[in-house]
Structure formats: structure tokens, C-alpha cells
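# Summary of the model geometry
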Amino acid sequence: MMKFYHDIKLLERKACEEYLLTSELLMENAAHSLANFIRDIVREKNIQPRGEGKHKLLIAAGPGNNGADGLALARILQGEYDIVIYMPFGTFSELCTLQFERVSALRIEYCNDHLSPDISIKTFLDTFENISLREWAKDVDIVVDALYGSGLNRPLDNKACEVIEWLNSLKGLKIACDVPSGISNDGDVMWMAFRAEYSCVVGVCRESLLGDRAKDYVGTIHICPIGISPQMLELLDTPRGILLEEKDLQLPSRRQRNSNSHKGSFGHLVVFMGQKEGAAILSALSAFRFGAGIVTIIGDKNVNVPPEMVHTQSLPNNPAALAIGMGLGDFALHDRKGVRNILLSRPVLLDADILYQDITKEILEKNPNIILTPHPKEFVALMRLLGLADCEVLELQRDRFRFVRLFTHSYPQATLLLKGANPIIAQGDRIAVNNFGTPALAKAGSGDVLSGLVSALLAQGLECFDAAVQGSLAHTLAARHTKSASYALTPMELIETIGQLE
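Computed from a prediction, not measured in an experiment: that's the story for all the values here.

### A closer look at the packing of aromatic side chains
Counted under the stated rule, the structure contains seven aromatic pairs. On the numbers, 5.3 Å between centres and 65° between planes, the contact of F37 with Y198 is edge-to-face. One end of the pair, F37, is in helix α2 (residues 23-44); the other, Y198, is in strand β7 (residues 198-202), with 161 residues separating them in the sequence. The class for F37 is buried, based on a relative accessible area of 9%. By relative accessible area, which is 14% here, Y198 ends up buried. With a centroid separation of 5.9 Å and an interplanar angle of 85°, the aromatic rings of Y86 and W166 are classed as edge-to-face. Of this pair, Y86 sits in strand β3 (residues 82-86) while W166 sits in helix α6 (residues 158-169), placing them 80 residues apart in sequence. Judged by relative accessible area, Y86 falls into the buried class, the value being 0%. W166 sits in the buried class, given a relative accessible area of 8%. Taken together, the ring pairs in this structure connect F379, F407 and Y411 into an aromatic cluster. The ring centre of F403 lies 4.4 Å from the NZ or CZ of R402, which sits over that ring.

Structure (C-alpha cells):
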């Protein structure tokens, strides 16, 4: 599991103080790491030059230390690639000025039109071989964004927006040096941002890369080591959470289990069926597919449920876990004998409709083994119900981590799985982010499948936080492993693929 942090500048400053390093040394290490990544990705993807001769590499360098990283990269890769540095804003920081003097001494080509007030009028200065930068970049192979990185704390001005818009229009492979330019320290998109296919993050992963609004711009996250082990960096500052990796998936395999086991050994899950019976059936099928030994559906409707499910109107004795809320509608819990007591005493997953009901607050206050799996609209309603915040979905999406921490601070024993492009799983001080989310899951029924996966693990004895993490990982990775077109994934196909992950 990869750790992520909030204040990278503080971390780097402490590293220099505690480990007797310098900012320039860390920059050199980061630039070498980025250079190696570019070499590797060109080889792995078998990227062929779009023009004649060597691969063309365009580095857009800003005036600060992120720009200095890009300039150092150009110096390291000189000779291997046909490199041009674009510096629309000149230099400002001491290290950027120093690195610019070095690339100038090495006669690396650069285009510097920072004196031009409007790049839309001027098509870039003819600074090398009488060729305009726009013309040279038409067949560029790799575009490196080193404009702002993690230091952006104000909206982009018009010229910066035009520069980024032009960079986004180019056809080459797009790589961000650190945080894609246009994403703020809080993970918000400042009007627009560089659309990276890879974000090569310097040193450690930043929380700002993991918000839903930033996802379309971040691409695949790659850590560029700076010469300090992750363990030593962790001694300098407390990580904000963990970023899940595919290798973190732990399936409920039975290969190493005692052969002398039976269905009861793998948990009895109860799924409540309400007005929309399809949601409960999908959850039950998903849970059964993911290893639950017995799945019972409780509901009044006379519907045909899959033959492997038990369908009854009464509660079984001592189920291992419960799942309630999926398609629940106006299901009258107060009329159900024993339902309230069992919801307060057994491990339970709460989803969808029940998150709007007052009983959720009572369950949160009295049941220490609870998982909530809301989507953003449901989470906003839940926060209002609990009196924690009166916000709208847009406000939540702009600062998901803040609202998640507000909830977990108030209910530290509960586990929250906030759905989204990057699902967040949180309990107390623990936070995990799953950035394997995909638009293929934007289908009715996908959330019901997720509730089944998580509650199946809960029934099999996993702790709430672990069940939420593993269920979320299985959910997103199964969506990525299906053979359907991106628009064609169905809940049933997702459930089928769950059984093929091992």
C-alpha cells in the first residue's frame, strides 16, 4: 500500500534538515527518476518517432522549482531525444535560474516568449532554426508538463490557460512532472489543467491527486524516488492515508482453508428486500459469488429469487452480518419484530435508502460494527441527518477528504465507503483511496453489487475497514477485467467476473 501526504514542501524541508540533504540534490534525484521513467515507458509502449530522426520531447517549464525539475530533465536526456524547452513565463526561483543557466551552457534549444502579452496573437518566437514552436511540436512524441507542479495556490491566468490548452491539444504522450499543472494544493481544478496520461510524482504521492475532480487529469500515478526511502520519509511526517494498489487485493480464497468446513464456516448473510426487489437480489447474488456461505433474503414480496438463495419473511437466528438499504424504499422497519435490535447488535452494512432514515443515527451511536456505502448525494443527505454539515454535492466533491474526516471524527468506530471516481474508505484516523474506479461502473446496479461484496466479507469475519477495502478493490478491478465494451458492462457480468479474479 502506497502512503500519501498533504504538505510535500514541509516534508522536503524536514528531509533536508534531518538528513543533511539539499533541495538541489533532491531535484537531481527526481529528475534522474523521471528520465528513467521516460526511457522505460518509451521502450515498454514501443513508442516510435512520429517524425524523422530521434523522438521529439517538449518540456514546458514554469518559473519555479517545478520548472527547474523540467530543465534538469532536459539536461539529463540531452542527446537521447530531440529536446525543446518551452518557457512561457521565464524564471523566478533561484534553482530554476540555476538550471536554466546550465541548459543554456549546454546549448539545449529553448523557446522563451515570456515578454509576449498574448500567445494567441503571437505564434511563439522563431527561436531555433527559424522554425516556430507550434510548427515543430505538430509531431512531438512526448510532452512533459513542468509548469507548476504541487505549488499552485491560485487560479490560472488567461495566458497559463492558453498554454495548457495548447499542450493538451498536442498528440504526444503526456507526462506531468509532479502534480499536473492546474490542480491546486487541495485537489481542485483551477479553471483547467494539464491532462496527463502519467503523473510522475516527486518523492511521495499527494492527497491533491486523489480527489474525484482531479481524476481525469492525473492518469496513472508513478512515484519518482528522490533518494530517501519511504520508511525514512514517514519518520518526518504522518501520512494522510494509503493509496491502494492492485497487489493489495486479498480474495476470500478457500484453497488454504480447512477441508473440514461447511457453509456455516463462511458466514450467514441476511439481505433485506424492500420496494425494489432487484437491488436486493443483485446484492445477494454478489455476496454469494464472493464467498458468503449462506445468503438469506428477507422480504414480503412474492418474487422468484435465485434458487441458491433463502427467501423468508422472518429473521434467522444469529446471522453473521446484515445488509440493508438497497432498493429499500418505504420498508417499515418499526413494524418488523426484532429488526431494530438485530441492526443494533450485529455487523451491518447500510446503503442507499436507509441512509435517509432516522434509525441510521441510532445504529451509528450504538453499533460499533457498521459500514456505510453512500454515493455523494446520499452522503450529503446523511451529513444533514446527523447534523454534521449542510452542504451540496458540488461542495462535497470539491473537498471530499474534509467531509470524510468530519464524519469519521464524529463517528470514529464506523467505517465509511464514499463512492465516486476514487472511492474513499475511512474509519477513525485511517483512510484508504481506491483510484481504480472506472466510468464502466456508472450503471444502475453497480452499487448493489458493491454492497454484496463488502457484506460478504463482513459475514466471513473480516473487520469492517478491511471488508470495505477489499470489497471496493474487487469491485473496481473486476470492472477493469471484464471483456465488455466500456459502455456495456452489466451488474450480472460484473458478478460473473468477480468469480474469475483468483
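### Considering the pairing of β3
Counting buried positions along β3 gives four out of five residues, so the element sits mostly inside the fold. Inspection of the sheet shows strand β2 (residues 56-61) paired to β3 by five bridges, in the parallel sense. Residue pairing across strands places L57 opposite I83, the latter belonging to β3. Following the backbone out of β2, through helix α3 (residues 65-77) and into the adjacent parallel β3, one traces a crossover that is right-handed.

### Describing the packing of α2 against α3
Contact pair α2 / α3: the axes reach a minimum separation of 9 Å and the direction vectors enclose 55°. By the angle between their directions, the pair α2 and α3 is classed as oblique. Seen along the crossing, α2 lies across α3 with a hand that is right-handed. Contact residues: M27, E28, A31, H32, L34, A35, I38 and R39 in α2; N65, A68, D69, A72, L73, R75, I76 and L77 in α3. Across the contact of α2 with α3, the residue classes tally to 10 nonpolar, two polar and four charged.

### Overview of empty space enclosed by the protein
As enumerated under the stated definition, the model contains one cavity of 30 Å³ or more in all. Of the pockets and cavities examined, the largest cavity occupies roughly 40 Å³. Every residue along the wall of the largest cavity is listed here: A30, A31, L34, D69, C177, C200, V202 and C224. Counting residues per element, the ones that place at least two in the lining of the largest cavity are α2 and β7. No other element matches α2, which puts three residues into the lining of the largest cavity.

### Some thoughts on unusual backbone geometry
Unlike most non-glycine residues, N46 shows phi in positive territory, near 50°. Inspection of the secondary structure puts N46 in the loop between α2 and β2. Here N46 falls in the exposed class, since its relative accessible area comes to 53%. The phi dihedral of N318 falls on the positive side, at around 50°, and the residue is not glycine. You can see N318 is positioned in the loop between β13 (310-312) and β14 (321-324). You can call N318 exposed: its relative accessible area is 65%.

### As for the side chain of K159
In this fold, K159 is placed in helix α6. A relative accessible area of 11% means that K159 is categorised as buried.

### Notes on the pattern of salt bridges
By the definition in use, this model includes 22 salt bridges. Ionic pairing is found between E362 and R340, a salt bridge with its closest N-O pair at 2.3 Å. Taken together, the residues span a long stretch of sequence, with E362 in helix α11 (residues 359-366) and R340 in helix α10 (residues 339-345) at a distance of 22 residues. Judged by relative accessible area, which is 36%, R340 ranks as partly exposed. With a closest N to O distance of 3.2 Å, E392 and R384 form a salt bridge. Through salt bridges with shared partners, a single ionic network connects E24, E28, R75 and R102.

### Structural notes on the packing of helix α15 (residues 446-459) against helix α16 (residues 464-481)
Where α15 meets α16, the axes come as close as 8 Å, and the angle between the chain directions of the two elements is 140°. Between α15 and α16, the angle falls in the class oblique. Handedness of the crossing formed by α15 with α16: right-handed. In this structure, α15 contributes S446, V449, L450, L453, V454, L457 and L458 to the contact, and α16 contributes C464, A467, A468, Q470, G471, S472, A474 and H475. When the residues that make up the contact of α15 with α16 are grouped by side-chain class, the tally is 10 nonpolar, five polar and no charged.

Calculation notes
- Residues numbered from 1 in each chain as written.
- Predicted model: local features only at pLDDT ≥ 70, side-chain atom pairs only at ≥ 80, totals over all residues.
- Heavy atoms only, no water.
- Phe/Tyr/Trp six-rings, centres within 6.5 Å; stacked < 30°, edge-to-face > 60°.
- Helix = DSSP H or I, 4+ residues; strand = E, 2+ residues; numbered from the N terminus.
- Buried < 20%, exposed > 50% of the residue type's maximum accessible area, 1.4 Å probe, protein only.
- Lys NZ or Arg CZ within 6 Å of the ring centre and 35° of its normal.
- Pairing = 2+ DSSP bridges.
- Right-handed = clockwise from strand over helix to strand, strands pointing away.
- Axes fitted to C-alpha atoms, helices over the stretch in contact; angles between N-to-C directions.
- Parallel < 35°, antiparallel > 145°, perpendicular 65-115°, else oblique.
- Left-handed = near helix turned anticlockwise from the far one by under 90°.
- Contact = heavy atoms within 4.5 Å.
- Nonpolar A, V, L, I, M, F, W, Y, C, P; charged D, E, K, R; others polar.
- 1 Å grid on protein atoms, 1.4 Å probe; cavity = no way out; pocket = protein on both sides within 12 Å on 5 of 7 lines; lining within 4 Å.
- Points joined across faces, edges and corners; volume = space filled by probe spheres on them.
- Salt bridge = Lys/Arg side-chain N within 4 Å of Asp/Glu carboxyl O.

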